[in-house]
Amino acid sequence: MKKTIALTLASLAVALPTRAQWVVYDPSVHTQMIIDTAQEIAKYVEMVNNQVSQIQTLTSQLNEFKHYENLFGDPASVKLPTVAMLAADLLKPEAGQDLNLLISLASGDNALTYTGSGLYVKIGSSFPTVKGNIPRETNSYRSYAAVNEATANYVTVSTNAAARRVVLKNEIQQNLDALPNATTDADVQKIAAATATQSADLNSVDHEVNQALASALVQDVENRNDERKQQQAIAEQRQTEFRQAITNSSAKFPLLSEPVKFPTTH
């Protein structure tokens with residue numbers, strides 16, 4: 001029996017392919033594979049943790065930005081109804097005219113017919129004499145026309161300024177009323193900027209009135225100066241004519257240097 005079993009095993013050993021080998025297990029290699037895998041997993045976990053930290057940082061910054069926006073607000077979102085009116089008013093041309101233009105518009109004919117809306121008496125372009133109507137020298141009245149033009153300019157500017165002052169003061173009051181209701185710093189800053197600009201525009205309106213008044217006063221001073229100059233010229237001319245008349249009279253009618261001798265009778 002034992003011999004039969006031995007022969008059978010020997011036959012099987014001969015029948016198996018010569019290329020078949022037994023699998024060899026190496027504990028060190030298996031351990032290294034486990035270590036490498038664990039290190040890769042640790043690196044992946046670290047990468048995930050870094051990404052989570054970055055997301056948390058970005059979330060914190062975003063919250064800070066939102067908090068900042070809630071406190072200070074977005075200036076672009078602040079809408080003030082007075083800003084558009086202010087911008088339109090600043091683009092308007094000045095109502096007054098400069099003094100040089102007023103002088104160029106001065107006409108003697110206008111001065112002769114000027115009544116100041118019925119306040120003054122019209123002079124007229126001529127005056128009556130025993131020999132008929134004599135036309136006036138219109139150019140000599142241009143200086144008075146210049147004053148008329150300057151005063152009319154002042155009236156126009158002051159009327160326009162009074163209306164603009166009412167509008168600007170109402171806009172400033174609206175901004176002051178809106179200031180307590182401002183919820184963000186952007187609201188406050190924009191209202192303050194609009195109010196400051198409106199105040200500057202109000203001062204500019206006052207300056208226009210002062211400039212128009214100054215033009216009228218300057219022209220009046222110029223006229224008064226010219227009037228005194230003409231009076232001095234006339235006085236100088238009269239004195240010269242008087243001296244010349246005396247000289248001519250003395251030449252034609254010399255004064256006697258000796259007493260007159262009358263003839264005596266014998």
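### Focus: the overall build of the protein chain
Thought 1: Per the secondary structure count, the protein chain includes 7 helices and 2 strands.
Thought 2: Along the chain direction, N to C, the helices and strands of the protein chain fall in the order α-α-α-α-α-β-β-α-α.
Thought 3: Here the protein chain holds 266 residues, and the buried ones make up 17% of them.
Thought 4: Across the protein chain, the fraction of contacts at a sequence separation of at least 24, relative to all contacts at a separation of at least 6, is 77%.
Thought 5: Of the roughly 21200 Å² that the protein chain leaves accessible, carbon and sulfur atoms contribute 60%.

### Quick notes on the side chain of N148
Thought 1: Tracing the sequence through the fold places N148 in helix α6 (residues 142-178).
Thought 2: For N148, the residues in contact, after removing those within four places along its chain, are A111 and Y114.

### Observations concerning the pattern of salt bridges
Thought 1: Under the criterion given, the structure shown has 4 salt bridges.
Thought 2: For R164, the salt bridge identified is with E208, shortest N-O distance 3.1 Å. Taken together, the residues span a long stretch of sequence, with R164 in helix α6 and E208 in helix α7 (residues 185-252) at a distance of 44 residues.
Thought 3: For the salt bridge of D220 with R224, the shortest nitrogen-to-oxygen distance reads 2.8 Å. Of this pair, D220 and R224 are both found in helix α7, 4 residues apart, which corresponds to roughly one turn of the helix.
Thought 4: Look at D220 and you get partly exposed, because its relative accessible area is 27%.

### Quick notes on the confidence of the model for the protein chain
Thought 1: Residues at a pLDDT of 70 or more form 74% of the protein chain, whose mean pLDDT is 76.
Thought 2: For the protein chain, per-element mean pLDDT is lowest for helix α1 (residues 2-15), which scores 48, and highest for helix α5 (residues 108-113), which scores 88.

### Details of the nonpolar core
Thought 1: By size, the foremost hydrophobic cluster in this structure holds 7 residues: V157, A161, L168, L202, V205, V209 and A212.
Thought 2: At the level of elements, α6 and α7 are the ones that each hand at least two residues to this core.
Thought 3: The biggest single contributor to this core is α7, with 4 residues.
Thought 4: Residues within four places of V157 in sequence aside, it is in contact with A95, G96, E208, V209 and A212.
Thought 5: Counting 6 residues, the second largest nonpolar core, distinct from the first, contains A111, L112, A145 and A146.

### Here's the deal with unusual backbone geometry
Thought 1: The residue S117 is not glycine, and still its phi comes out positive at about 55°.
Thought 2: Examined against the element boundaries, S117 turns out to sit in the loop between α5 and β1 (126-129).
Thought 3: For S117, a relative accessible area of 82% corresponds to the exposed category.

### Here we look at the layout of surface pockets
Thought 1: Roughly 240 Å³ of internal volume is contained in the largest pocket.
Thought 2: If you go around the largest pocket, the residues you meet are N139, S140, R142, S143, Y144, V147, D220, N223, R224, D226, E227 and Q230.
Thought 3: Those elements that provide at least two residues to the lining of the largest pocket are α6 and α7.
Thought 4: By residue number, the principal contributor to the lining of the largest pocket is α7, which donates 6 residues.
Thought 5: Residue composition of the lining of the largest pocket, by class: 2 nonpolar, 5 polar and 5 charged.
Thought 6: As a volume, the second largest pocket reaches approximately 200 Å³.
Thought 7: Residue lining of the second largest pocket: A111, Y114, Y120, V121, I123, Y141, Y144, V147, N148 and T151, and that is the complete set.
Thought 8: At 4 residues, the largest contribution of residues to the lining of the second largest pocket is made by α6.
Thought 9: Looking at side-chain class alone, the lining of the second largest pocket contains 8 nonpolar, 2 polar and no charged residues.

### Thoughts on a nonpolar patch on the surface
Thought 1: A cluster of nonpolar side chains, namely I41, Y44, V45, M47, V48 and V52, defines an oily patch on the protein surface of about 520 Å² accessible area.
Thought 2: Its place among the elements puts V52 in helix α2 (residues 27-72).

### Description of the pairing of strand β2 (residues 132-135)
Thought 1: Of the strand pairs in this sheet, β1 and β2 are connected by 4 bridges, and their pairing is antiparallel. When the sheet's bridge partners are listed, T129 is paired in β2 with G132.
Thought 2: Linking β1 back to β2 in an antiparallel pair, the connection comprises 2 residues.

### Description of the packing of α6 against α7
Thought 1: With their axes 9 Å apart at the nearest point, α6 and α7 run at an angle of 165° to one another. Judged by the inter-axis angle, α6 sits roughly antiparallel to α7. Read as a crossing pair, α6 and α7 show a hand that is left-handed.
Thought 2: Classifying every residue of the contact of α6 with α7 by side-chain character gives 18 nonpolar, 11 polar and 8 charged.

The rules behind these values
Residues numbered from 1 in each chain as written. Predicted model: local features only at pLDDT ≥ 70, side-chain atom pairs only at ≥ 80, totals over all residues. Heavy atoms only, no water. Helix = DSSP H or I, 4+ residues; strand = E, 2+ residues; numbered from the N terminus. Buried < 20%, exposed > 50% of the residue type's maximum accessible area, 1.4 Å probe, protein only. Contact = heavy atoms within 4.5 Å. Areas by Shrake-Rupley, 256 points an atom, 1.4 Å probe, with all protein chains shown as cover. Salt bridge = Lys/Arg side-chain N within 4 Å of Asp/Glu carboxyl O. pLDDT = per-residue confidence, 0-100. Core = buried A, V, L, I, M, F, W, Y, C linked by side-chain atoms within 4.5 Å. 1 Å grid on protein atoms, 1.4 Å probe; cavity = no way out; pocket = protein on both sides within 12 Å on 5 of 7 lines; lining within 4 Å. Points joined across faces, edges and corners; volume = space filled by probe spheres on them. Nonpolar A, V, L, I, M, F, W, Y, C, P; charged D, E, K, R; others polar. Patch = residues over 30% accessible without salt bridge, like charges linked within 9 Å, V, L, I, M, F, W, Y side chains within 5 Å. Pairing = 2+ DSSP bridges. Axes fitted to C-alpha atoms, helices over the stretch in contact; angles between N-to-C directions. Parallel < 35°, antiparallel > 145°, perpendicular 65-115°, else oblique. Left-handed = near helix turned anticlockwise from the far one by under 90°.

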